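# Architecture and fold: a report
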Amino acid sequence: MCSNCFSSEYEKFENQKEFDKLSHDIKDKLNNNTLKELCYFSGTNDKPLIKILGIGFGVKEKGEEHYYLYECKYCNTKWKLSLPENAYRGFFLKVIE
Ligand SMILES: [Zn+2]
């Protein structure tokens, strides 16, 4: 992580406002070339471990996973974003390699 990165992670978004703020930050960082979008992952835990660009992601809970993967251009920290939908609150977490 570096000063260009995000300052906090979200285990879940408490409300729409919190998500909107983060979503805005992400757009800004994409626009000013701090962040790049690597891929969008969508799948189920039928495959317990997937590899994206050499990184393994374990799926902890049963069900589908959908998230966007971003990378900081300065320190190469990767972040994954899952969008909240109805009762599901999403998340925004640093990817531990
Ligand atoms: Zn960074």
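On a predicted model such as this, the values are computed, not experimentally measured, just so you know.

This part takes up the overall build of the protein. Assigned secondary structure in the protein consists of 1 helix and 6 strands. Its helices and strands taken in sequence order, the protein reads α-β-β-β-β-β-β from the N to the C terminus. Residues classed as buried in the protein amount to 8% of the 97 residues present. Restricting the contact set of the protein to residue pairs at least 6 apart, pairs at least 24 apart contribute 51%.

Before going further, it helps to examine helix 1 (residues 16-31). Taking 1.5 Å per residue as the helical rise, helix 1 with its 16 residues ought to reach 22 Å, and the 22 Å between its terminal C-alpha atoms agrees with that figure. Here helix 1 lies mainly on the outside; 0 of its 16 residues are buried. One or two positions beyond helix 1, positive phi appears at N33, with a value near 70°.

In this structure, F6, L35, Y67, Y70, W79, L81 and F92 together form the largest nonpolar core, which totals 7 residues. Where this core is concerned, the elements lending two or more residues are strand 4 (64-72) and strand 5 (78-82). Other than its neighbours up to four places away in sequence, L81 contacts I26, Y67, Y68, Y70 and F92.

The subject of this paragraph is unusual backbone geometry. Positive phi, normally seen in glycine, also occurs at N33, with a value near 70°. Of note, N33 is situated in the loop between helix 1 and strand 1 (35-44). Even without a glycine there, the phi angle at N86 is positive, about 50°.

With respect to the secondary-structure elements, E97 resides in the segment after strand 6 (91-94). A residue is classified by how many C-beta atoms lie within 10 Å of it, and E97, with 9 of them, is exposed. Along the chain, E97 and K78 lie 19 residues apart, while their C-alpha atoms are 8.7 Å from each other.

As a further point, take the environment of E71. Inspection of the secondary structure puts E71 in strand 4. You can call E71 partly exposed: it has 17 C-beta atoms within 10 Å. Taking C-alpha positions, E71 is 9.9 Å from C39, a pair spaced 32 residues apart along the chain. Contacts of E71, omitting those with residues within four sequence positions, involve K36, L38, N76 and K78.

Rules used in this analysis
- Residues numbered from 1 in each chain as written.
- Predicted model: local features only at pLDDT ≥ 70, side-chain atom pairs only at ≥ 80, totals over all residues.
- Helix = DSSP H or I, 4+ residues; strand = E, 2+ residues; numbered from the N terminus.
- Buried ≥ 20, exposed ≤ 12 C-beta atoms within 10 Å, placed from the backbone.
- Contact = placed C-beta atoms within 7 Å.
- Expected span 1.5 Å × (residues − 1).
- Core = buried A, V, L, I, M, F, W, Y, C linked by C-beta atoms within 7 Å.

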